[in-house]
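# Commentary on secondary and tertiary structure
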Amino acid sequence: MRRILLSAIKILVSAALLYLALRKANFSDLASRIDLASAAWLALAVAISFFQIFIGVLRWRIVSAECGAPLPIRQAMRYNVIGAFFNQTLPSSIGGDAVRLWLVARSGAGWRAATYSIFVDRAVGLIALAIIIVASLPWSYRLIGDAYGRSALALVDLAALASGAGFLILGVLPWPWLKHWWGTHHIHACAVIANRVIFSKKNAAAMAALSLLVHFLAVVIAWCVVQSIAAPVTFGQTFLLIPPVMLITMLPISIAGWGVREATMGLAFGYAGLITTEGINVSLLYGAVSFFVGAIGGLVWIFSAEKAAKDKGTEPIGAPE
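Residues numbered from 1 in each chain as written. Predicted model: local features only at pLDDT ≥ 70, side-chain atom pairs only at ≥ 80, totals over all residues. Heavy atoms only, no water.

Of regular secondary structure, the protein chain possesses 15 helices and zero strands. Expressed as a percentage of its 321 residues, the buried residues of the protein chain come to 49%. Summing over all exposed atoms, the protein chain offers an accessible surface of approximately 15,600 Å²; the carbon and sulfur share of this is 72%. (Helix = DSSP H or I, 4+ residues; strand = E, 2+ residues; numbered from the N terminus. Buried < 20%, exposed > 50% of the residue type's maximum accessible area, 1.4 Å probe, protein only. Areas by Shrake-Rupley, 256 points an atom, 1.4 Å probe, with all protein chains shown as cover.)

A separate point is a nonpolar patch on the surface. There is a patch of nonpolar side chains on the surface, built from Trp-175, Trp-177, Trp-181 and Trp-182 and spanning about 580 Å² of accessible area. Structurally, the position occupied by Trp-181 is in the loop between helix H9 (177-180) and helix H10 (185-199). (Patch = residues over 30% accessible without salt bridge, like charges linked within 9 Å, V, L, I, M, F, W, Y side chains within 5 Å. Salt bridge = Lys/Arg side-chain N within 4 Å of Asp/Glu carboxyl O.)

A word on the environment of Val-233. Summarising the element assignment, Val-233 is placed in the loop between helix H11 (204-228) and helix H12 (235-249). Using a relative accessible area of 5% as the deciding quantity, one classes Val-233 as buried. Taking the C-alpha atoms as reference points, Val-233 and Glu-278, 45 residues apart in sequence, are found 8.8 Å from one another. Not counting residues up to four positions away in its chain, the partners in contact with Val-233 are Trp-223, Val-226, Thr-238, Phe-269 and Leu-274. (Contact = heavy atoms within 4.5 Å.)

Before going further, it helps to spend a moment on the pattern of salt bridges. The final tally for this structure, using the stated rule, is seven salt bridges. A salt bridge links Asp-121 to Arg-100; its shortest N-O distance comes to 3.8 Å. Taken together, the residues span a long stretch of sequence, with Asp-121 in helix H6 (residues 111-135) and Arg-100 in helix H5 (residues 95-109) at a distance of 21 residues. Like Asp-121, the residue Arg-100 is buried in the burial classification.

Once that is clear, we can look at the environment of Thr-89. Residue placement: Thr-89 occurs in helix H4 (residues 73-89). Since its relative accessible area comes to 42%, Thr-89 is described here as partly exposed. For the pair Thr-89 and Phe-291, spaced 202 residues apart in sequence, the C-alpha separation works out to 9.3 Å.

Looking at the element boundaries, Ser-38 is found in helix H3 (residues 36-66). When its relative accessible area of 1% is taken as the criterion, Ser-38 is described as buried. Once residues lying within four places of it in the same chain are set aside, the contact partners of Ser-38 are Arg-33 and Ser-228.

Attention shifts here to H3. Relative to the 45 Å expected for 31 residues at 1.5 Å per residue, H3 spans 46 Å between its end C-alpha atoms, a close match to the ideal helical length. Of the residues flanking the start of H3, the one acting as N-cap is Asp-35, its side-chain oxygen 3.1 Å from the backbone nitrogen of Ala-37. Immediately beyond the C-terminal end of H3, within one or two residues, lies Gly-68, with a positive phi of roughly 80°. (Expected span 1.5 Å × (residues − 1). Polar contact = N/O pair within 3.5 Å; in protein donor to acceptor, adjacent residues only side chain to side chain.)

Looking now at the packing of aromatic side chains. The full count for this structure, using the stated rule, is nine aromatic pairs. When the ring of Phe-85 is compared with that of Phe-86, the centres are 4.8 Å apart and the planes differ by 70°; the resulting orientation is edge-to-face. For Phe-85, a relative accessible area of 22% gives the class partly exposed. Residue classification places Phe-86 among the buried positions, given a relative accessible area of 14%. Each ring, one from Trp-223 and one from Phe-235, has its centre 5.7 Å from the other, and the planes form 90°; the classification is edge-to-face. Taken together, the residues Trp-223 in helix H11 and Phe-235 in helix H12 connect sequence positions 12 residues apart. (Phe/Tyr/Trp six-rings, centres within 6.5 Å; stacked < 30°, edge-to-face > 60°.)

Another point: unusual backbone geometry. With phi around 50°, Ala-230 is a residue other than glycine that occupies positive phi space. Positionally, Ala-230 belongs in the loop between H11 and H12.

Another aspect to go through is the packing of H3 against H11. Packing of H3 against H11 brings their axes to within 9 Å, and their N-to-C directions diverge by 165°. With respect to H11, the axis of H3 lies roughly antiparallel. Regarding H3 and H11, the two cross each other, and that crossing is left-handed. Here the contact of H3 with H11 is built from residues that sort into 21 nonpolar, seven polar and one charged. (Axes fitted to C-alpha atoms, helices over the stretch in contact; angles between N-to-C directions. Parallel < 35°, antiparallel > 145°, perpendicular 65-115°, else oblique. Left-handed = near helix turned anticlockwise from the far one by under 90°. Nonpolar A, V, L, I, M, F, W, Y, C, P; charged D, E, K, R; others polar.)

Now for the side chain of Ser-211. By the secondary structure assignment, Ser-211 is in helix H11. You can call Ser-211 buried: its relative accessible area is 3%. At 3.5 Å, the side chain of Ser-211 forms a polar contact with the side chain of Arg-59. Leaving out residues up to four positions away in the same chain, Ser-211 has contacts with Arg-59, Val-124 and Ala-128.

Below, the discussion takes up the packing of H3 against H10. Between H3 and H10, the shortest axis-to-axis distance is 10 Å and the interhelical angle comes to 125°. What the angle tells us is that H3 and H10 run oblique. Crossing of H3 against H10: the hand is right-handed. Contacts between H3 and H10 pair Ile-62, Val-63 and Glu-66 from the former with Ile-193, Arg-196 and Val-197 from the latter. For the contact of H3 with H10, the class distribution of residues is four nonpolar, no polar and two charged.

Listed below in structure tokens is the structure:
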């Protein structure tokens, strides 16, 4: 009953935010700007989305190996593509993580290792995103003239950065009770693994490069969307506006980020002195690209051995050698 209630609340949040955002949208204008060249840009955005998923796979494999759940690259890619489908269908923007966790656990890694690998991977991505936003604040402040917009940006980013820093600090604290108390045992274990993959000589450079590249590719995808409708937005403006929007969209309060993304993108464009409706247009097409990628992930799921085993109620599938 609680899960049903939470899902209903998220559906209502998405619907309400979409309604508020789309009141300002001009769909006839948007439709008139879609042509063959637009389709080419959107196809490029889809291709880059799959490359972004692949880069995420490379990072996840490093994390999962440290968690005792090593994954072959093809298997990890399949799980991430399937996760993209469930990100679009489950009531949050991170619903695919739960499905990836289930798939990894069923592959023979076990629930603890699977949970740790997903949680640490998500935490590393959040920390990298917060660092990108902090590093770009001097330029963001020049772009955003509105005082409320500046304050909101700083507050959201500092909250994310403080959460990430606190998580990493938890992993190096010497207090024995952190390892044994039920309330901190698993979080502490994840923090230890996160410190190990982020700061080790073996993995530090790769983790930093992959994490930054994942978020840079999100900007490139948005830029392709901007180009598809010839929106009057530069790449620099896109680079400064998209990461904060993605950070807020990660909040699990809506269906696949719909509504939250549109409302936030419209606000961000308005605060930056750009046309609010262009922000909504970019957000809608960005969501459409994500939905298309998720649809392909749905086909992968339908024809996967994991779904067949689930439908038949057979034993968990062993991880391939």
